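Coordinate analysis (summary)
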Amino acid sequence: MRVAYTDSSVLVAIALGEAGSKELGVRLSDFARVYTSNLLEAELRAALAREGVPFSRRQVAHLRWVWPTRSLGAEMAAILRVGYLRGADLWHVATALYVAPGPRDLTFVSLDDRQRIIAARLGFST
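Remember, it's a predicted structure, so these values are computed and weren't measured experimentally. (Residues numbered from 1 in each chain as written. Predicted model: local features only at pLDDT ≥ 70, side-chain atom pairs only at ≥ 80, totals over all residues. Heavy atoms only, no water.)

So, the overall build of the chain
Of the regular secondary structure elements, the chain holds six helices and four strands. What you see in the chain, going N to C, is helices and strands ordered as β-α-α-β-α-β-α-α-β-α. Taken over the C-alpha trace, the chain has a radius of gyration of 14 Å; the compact-globule value for 126 residues is 14 Å, and the two agree within 12%. If one aligns the C-alpha atoms of the chain with their principal axes, the spans along those axes are about 40 × 30 × 25 Å. Partitioning the contacts of the chain with sequence separation of at least 6, the portion at a separation of at least 24 is 67%. Surface accessibility of the chain: about 6,600 Å² in total, with carbon and sulfur atoms responsible for 54%. (Helix = DSSP H or I, 4+ residues; strand = E, 2+ residues; numbered from the N terminus. Rg over C-alpha atoms; globule rule 2.2 N^0.38 Å. Contact = heavy atoms within 4.5 Å. Areas by Shrake-Rupley, 256 points an atom, 1.4 Å probe, with all protein chains shown as cover.)

Dropping the structure here:
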């Protein structure tokens, strides 16, 4: 079964109809499950509000929310050993590691080059 984690950049691009957004939507639909952090909803809502675009629950209905039951400090430390990420980006990659401690079992989908580089260094497909 193909499983992915997506960060906010992908859903923002799709919601705003940015170049390549249709292809991103198709790519996400190819996965049996798509996981994300609840941070995505905050970032998506903020981006849409900034652009004057209404939020719809349909935009996130296909996602599986990850609610960590503990600190992600161990995941963050592992990430920072392979490269630097800013706070929200660090949280997304740490949440993906929480979902799939064996990163080869999960594809990390992002439009952020730095996140993709770090995710690949950790063993995620990107």
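Now, onward.
Remarks on the packing of aromatic side chains
Going through the model one piece at a time under the given rule, you end up with two aromatic pairs. For the ring pair Phe 108 and Phe 124, a centre distance of 6.1 Å and an interplane angle of 50° mean the geometry is tilted. Taken as a pair, Phe 108 in strand β4 (residues 107-109) and Phe 124 in the segment after α6 (113-122) lie far apart in primary sequence, 16 residues in all. These aromatic residues form a ring-pair network of at least three members: Tyr 5, Phe 108 and Phe 124. Lying across the ring of Phe 31, Arg 2 places its NZ or CZ 4.3 Å from the centre. A cation sits over an aromatic face here: Arg 45 above Phe 55, 3.8 Å from the ring centre. (Phe/Tyr/Trp six-rings, centres within 6.5 Å; stacked < 30°, edge-to-face > 60°. Lys NZ or Arg CZ within 6 Å of the ring centre and 35° of its normal.)

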